Structures are given as C-alpha cells and as structure tokens.
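Breakdown of the fold
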Amino acid sequence: DAGITQSPRHKVTETGTPVTLRCHQTENHRYMYWYRQDPGHGLRLIHYSYGVKDTDKGEVSDGYSVSRSKTEDFLLTLESATSSQTSVYFCAISNWRALGEQFFGPGTRLTVL
Amino acid sequence: GQQVMQIPQYQHVQEGEDFTTYCNSSTTLSNIQWYKQRPGGHPVFLIQLVKSGEVKKQKRLTFQFGEAKKNSSLHITATQTTDVGTYFCAGSTEYSTLTFGKGTMLLVSP
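All figures in this text were calculated on a predicted structure; none of them were measured in a lab. Note that residues are indexed from 1 along each chain, following the sequence as it is written. The order in which chains are written sets their letters, starting at A; the order in which ligands are written sets their numbers, starting at 1. Totals for whole chains, interfaces and linings use all residues, but because this is a predicted model, local features are given only for residues with pLDDT of at least 70 and pairs of side-chain atoms are given and counted only at 80 or more. As a rule here, side-chain values cover all heavy atoms of the structure and leave hydrogens and water aside.

Before going further, it helps to spend a moment on the overall build of chain B. Each helix and strand in chain B was counted, giving zero helices and eleven strands. Only DSSP runs of H or I with at least four residues qualify as helices, and only runs of E with at least two residues qualify as strands; both kinds are numbered from the N terminus onward. Each helix (α) and strand (β) of chain B, taken in turn from the N terminus, gives the series β-β-β-β-β-β-β-β-β-β-β. Taken over C-alpha atoms, the radius of gyration comes to 13 Å for chain B, in line with the 13 Å a tight globule of 110 residues would show. Overall, chain B is about 45 × 25 × 20 Å in size when its C-alpha atoms are taken along their principal axes. Using a 1.4 Å probe on the protein chains alone, a residue whose accessible area is under 20% of its type maximum counts as buried, one over 50% counts as exposed, and one in between counts as partly exposed. When burial is assessed residue by residue, chain B has 50% of its 110 residues classed as buried. Summarising the internal contacts of chain B: among those between residues at least 6 apart in sequence, 54% fall at separations of at least 24. Two things to know: the radius of gyration comes from C-alpha atoms, and the globule rule equals 2.2 Å times the number of residues to the power 0.38. Throughout, a residue-residue contact means that at least one pair of heavy atoms, one from each residue, lies within 4.5 Å.

Let us now look at the sheet that holds strand β3 (residues 19-25) of chain B. Residues and elements named next belong to chain B. Taken in spatial order, the five strands line up as β1-β3-β8-β7-β6 in an open sheet, and their pairing is antiparallel. The open sheet terminates on both sides in strands that have one partner only, identified here as β1 (4-7) and β6 (55-58). Each neighbouring strand pair of the sheet contributes to a mean axis angle of 15°, computed without reference to strand direction. When DSSP finds two or more bridges between two strands, those strands count as paired. Sheet analysis places β1 next to β3, joined by four bridges and oriented antiparallel. Bridged to Gln 6 within β3 is Cys 23. Interaxial angles span 0 to 180 degrees and are taken between N-to-C directions of axes, which are lines fitted to C-alpha atoms, for helices over the stretch in contact.

For the rest of this paragraph, the subject is the side chain of Gln 6 of chain A. Residues and elements named next belong to chain A. Mapped onto the elements, Gln 6 comes out in strand β1 (residues 4-7). Residue Gln 6 is classed as buried on the basis of its relative accessible area, which comes to 6%. Polar contact is defined as a pair of N or O atoms within 3.5 Å, subject to the rule that within protein one atom must be able to donate a hydrogen and the other to accept it, and that residues adjacent in sequence are counted only when both atoms are side-chain atoms. Looking at Gln 6, its side chain comes within polar contact range of the main-chain nitrogen of Cys 91, at 3.0 Å. In terms of polar contacts, Gln 6 uses its side chain to reach the side chain of Thr 108, at 3.5 Å. Setting aside chain neighbours within four positions, we find Gln 6 in contact with Arg 22, Trp 34, Tyr 89, Phe 90, Cys 91, Gly 105, Pro 106, Gly 107 and Thr 108.

Time to look at the layout of surface pockets. Roughly 710 Å³ of volume is contained in the largest pocket. Lining the largest pocket we find 34 residues, and of these Gln 37 and Pro 39 of chain A together with Gln 37, Gly 40 and Thr 86 of chain B sit closest to its centre. Residue classes in the lining of the largest pocket are distributed as twelve nonpolar, 17 polar and five charged. There is about 450 Å³ of room inside the second largest pocket. Along the walls of the second largest pocket sit 20 residues, with Glu 59 of chain A together with Gln 2, Val 4, Thr 99 and Phe 100 of chain B positioned nearest its centre. Contributing elements (two or more residues each) for the lining of the second largest pocket: β5 (42-51) of chain A together with β1 and β10 (99-100) of chain B. Classification convention: Asp, Glu, Lys, Arg as charged; Ala, Val, Leu, Ile, Met, Phe, Trp, Tyr, Cys, Pro as nonpolar; all other residues, Gly among them, as polar. Of the residues in the lining of the second largest pocket, the class split is six nonpolar, ten polar and four charged. With a 1 Å grid spanning the protein atoms alone, the term cavity applies to any set of points in which a 1.4 Å probe fits but cannot get out, the term pocket to an open set with protein on both sides within 12 Å along at least five of seven lines, and the term lining residue to any residue with an atom within 4 Å of a point. Grid points are joined across faces, edges and corners, and a volume is the space filled by probe spheres set on the points.

For Phe, Tyr and Trp, where Trp contributes only its six-membered ring, two rings pair if their centres lie within 6.5 Å, and the inter-plane angle classes them as stacked under 30 degrees, edge-to-face over 60, or tilted in between. Enumeration according to the criterion identifies 14 aromatic pairs over all chains in this entry. On the numbers, 5.8 Å between centres and 85° between planes, the contact of Phe 104 of chain A with Tyr 35 of chain B is edge-to-face. Within this pair, whereas Phe 104 of chain A is found in strand β10 (residues 103-104), its partner Tyr 35 of chain B is found in strand β4 (residues 31-37), the two belonging to separate chains. Comparing Phe 104 of chain A with Tyr 35 of chain B shows no difference in burial state: the two are buried.

Pasting the structure below:
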C-alpha cells in the first residue's frame with residue numbers, strides 16, 4: 001500500500017464544533033484529494049490540492065476548508081460541524097489530476113451528533 | 001456538471017456465475033478508471049482505460065471502454081467469494097478531476 005495515513009480514524013463530535021482531519025503521505029505525490037463517502041452517493045470530491053498552498057474546490061465543498069502547508073500534509077477542516085457532515089472521509093493521492101492511479105488512505109469515520 | 005451513472009446498484013450472484021457492471025457518462029471522457037472497495041476498506045485501483053474501444057483483461061476481469069468514450073463495463077467471469085465488494089468506475093475529461101459513479105455492490109454466495 002502507498003504510504004498514506006489519516007488521523008483520526010474515528011471521531012464523534014457535536015454539532016457546531018470545529019473538526020480537523022489530517023492526511024499524511026510519504027510518497028511525494030503532487031495531488032492530494034479529500035472525498036466523502038455516503039450510502040447511495042459513492043465518492044464525492046470535497047477539495048483537492050495540486051501543490052503547497054494550491055487548492056481548489058470539488059463537487060461538495062460547502063462547509064469545508066482545506067490547507068496544505070507542506071507537500072506531505074493535507075488538512076480538512078469543518079469549521080462548524082453539522083449532522084449532514086456525518087460520513088466516511090477518504091484522502092487520496094496521485095501524481096496527476098485525473099490521469100493515473102489514485103491511492104486512497106484508510107478513511108476517517110466522522111459522526112456529528 | 002459531469003455525471004457518471006453506474007448500474008446495477010447491487011447484484012447478488014452464486015459463486016461461479018458471471019457478473020457485469022456498466023458505467024455511462026453524460027460527456028465524452030478522456031479516461032475511465034475502475035476501483036474495488038472491500039467491505040470496511042478503502043477503494044483500490046484496478047485499471048485505467050484511455051483509448052476508444054479499448055479492452056483490457058486481468059485474469060477473470062475484462063474491462064471495456066466504448067467506441068464513443070462515454071461508456072465502460074467491467075465483466076467478471078466465474079465469480080468467487082473473494083470478488084465481494086463494491087466496484088466503482090470513475091471518469092474524467094481533459095480538464096476535470098475524476099468523477100466517481102455510485103458503485104455496484106457485488107455479493108457472492110458460496
């Protein structure tokens with residue numbers, strides 16, 4: 001498996017609290033992605049990064065922000081968590097925007113009560 | 001925006017039967033990828049197709065990319081219990097990121 005980790009792996013929080021999820025890679029891949037996975041919706045792109053401090057929005061970016069201050073780390077922040085953000089969050093890495101394999105992390109299961 | 005539809009949503013087969021999942025795009029794609037996700041796991045890349053009419057095989061799995069580059073299929077011959085999981089297609093145009101289909105969940109009974 002590619003060197004990609006996510007932390008925490010599980011989190012339960014309350015509505016209105018801020019939450020930050022971390023993705024860390026040891027592969028030096030240029031692109032990093034945050035997806036959410038919900039039953040019946042497949043994988044939906046939240047935000048992605050194409051370099052340090054270079055990020056762009058995905059399909060479901062409302063309520064989320066990201067930061068990438070180092071090549072190896074990509075943070076996803078929920079400024080004020082809502083129950084609709086209860087989901088499994090996957091980070092992925094690749095060397096190209098859409099051509100070529102994406103390697104996925106193990107996922108973070110987030111529950112917002 | 002770009003949409004990728006996948007059917008069926010779910011299929012339950014007996015071990016040894018064949019299985020096919022289909023993927024259709026609203027736009028012409030530059031490439032299509034297939035991923036497998038085991039229950040409780042993360043998506044794992046299977047293959048990428050980029051040429052019109054392309055066919056690729058991996059043991060019992062056959063992947064096709066349509067002539068118009070708007071559809072694709074994954075066919076598994078003689079399913080095994082190890083094939084259980086959800087299969088996703090994901091497509092992109094020249095300037096977009098990957099868009100994933102909703103997946104087909106495959107259950108195989110021994």
